[in-house]
Amino acid sequence: MWLGTPPAVASVAAVQGGLVAVVPEWAKFPGWKWVAAALVIVAGVLLSRYVVRLAGRPIARRFRRQSVAQMVLRLVRGSIIAVTLVAAASILGFELGNVVLSVTVFSAVLGIVLAPIVGSAINGLFILADEPYEIGDMIELQDGRRGFVDEITIRYTKLFTLQNTFLVVPNSTMREQLVTNYSAEDERVRLKLDVLVTYESDTERARTLMRQAAREDDAVVRGGPDIRIGSARYPARPTVLRASFADDGVLLRLRYWVTKPYRIPTVESRIRDRIWDSFRSDEADIRFAYPHRHLVFDDTSGTLDASVDADRGAAEGRPAAPRRQRSADGQHPGDGE
């Protein structure tokens, strides 16, 4: 228990007393403390920018990840600005005890308001520690949107989408959904393309043409050593498998690797065009399969009266239309199965 003046109050009083002693009398116009506090804040902001610029390269060399280096520089700049704000508050006469009391009174309200921000900040620290993606990586969100990581902060992750727009996602949302990283270490991505041909087609010739269509594209890995994924190895060259015997034909699945994941729809479209042209121009009997439907009428479908009223048609000068007769159940013939 303090019997005298608390140290915090004494220090504030000492700063104010020193400031009053330094400032000449002619400069003590009404509101001069507010001007002095504003000058201190401006000086702190300028000093923070200079320190960040001076320490930018050493910190970037010290930390391998660009996002971590940027976070450290933000903390340095924020610390300098926070110190200048405290100095400006002391000039204006704000005591530390009053600030602590105000924070205690409104702590519950502030806790409710700041809970989402605090949650995003904690998730941001986990993202920086776990390294699921880095600045410059191309990622895909759970809803299918793709983009390049432009900035990672404590509170949010900023993406530069393929539609030339910016997408800002809170870090709490980023950790709660599935994120696909296309360029974490190896940028090669394996894609697949399904083609359905009829059962009467030459499937071996179709498989050859599909492999050739993939190899002719410059963005496709044509061959070389097997590509390792974990403990498994997969062929680098394009391969075609019989995926299944479907209802309408044989499903052929082309699997191939692309060197870059940045123009996947364009590469897929070019390969589809080559397959289409090769199937139509090749001498082999290859046909794309598509559903066919046959309607079968039997004795359970009712009866149809197809007689023509010749006299009535001749009288009206036009051919007579056939008449449809209802069956016993009240339905027109052919309306059933």
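Figured I'd write up the structure that's included with this text.

Scoring rules and cut-offs
Residues numbered from 1 in each chain as written. Predicted model: local features only at pLDDT ≥ 70, side-chain atom pairs only at ≥ 80, totals over all residues. Heavy atoms only, no water. 1 Å grid on protein atoms, 1.4 Å probe; cavity = no way out; pocket = protein on both sides within 12 Å on 5 of 7 lines; lining within 4 Å. Points joined across faces, edges and corners; volume = space filled by probe spheres on them. Nonpolar A, V, L, I, M, F, W, Y, C, P; charged D, E, K, R; others polar. Pairing = 2+ DSSP bridges. Helix = DSSP H or I, 4+ residues; strand = E, 2+ residues; numbered from the N terminus. Axes fitted to C-alpha atoms, helices over the stretch in contact; angles between N-to-C directions. Contact = heavy atoms within 4.5 Å.

Empty space among the atoms becomes visible once a probe the size of a water molecule is rolled across them. This structure, assessed with the given rule, holds two cavities of 30 Å³ or more. Put simply, the largest cavity is a space of about 40 Å³. Looking at the largest cavity, the residues that line it are R190, P235, R237, T239, R255 and W257. Here the lining of the largest cavity is composed, by residue class, of two nonpolar, one polar and three charged.

The sheet built from five strands is open, its strands ordered β4-β3-β2-β1-β5 with antiparallel pairing. Pairing within the sheet leaves two strands with one partner each, and these edge strands are β4 (166-170) and β5 (180-181). In this sheet, β5 lies alongside strand β1 (residues 138-140) in antiparallel orientation, the contact comprising two bridges. For E140, the partnering residue across the bridge sits in β5 and is T180.

All right, on to the sheet that holds strand β9 (residues 239-245) then. An order of β6-β10-β9 is seen for the three strands of this open sheet, with the pairing classed as antiparallel. Edge positions in the sheet fall to β6 (189-197) and β9, since each has one partner strand and no second. Ignoring which end each strand starts from, the neighbouring axes of this sheet average 25 degrees apart. Looking at chain direction, β6 and strand β10 (residues 250-258) are connected through nine bridges and run antiparallel. Bridge pairing in β10 links V197 to V250. Across the sheet, helix α8 (residues 264-281) is in contact with β6 and β10; its angle to β6 comes to roughly 30 degrees.

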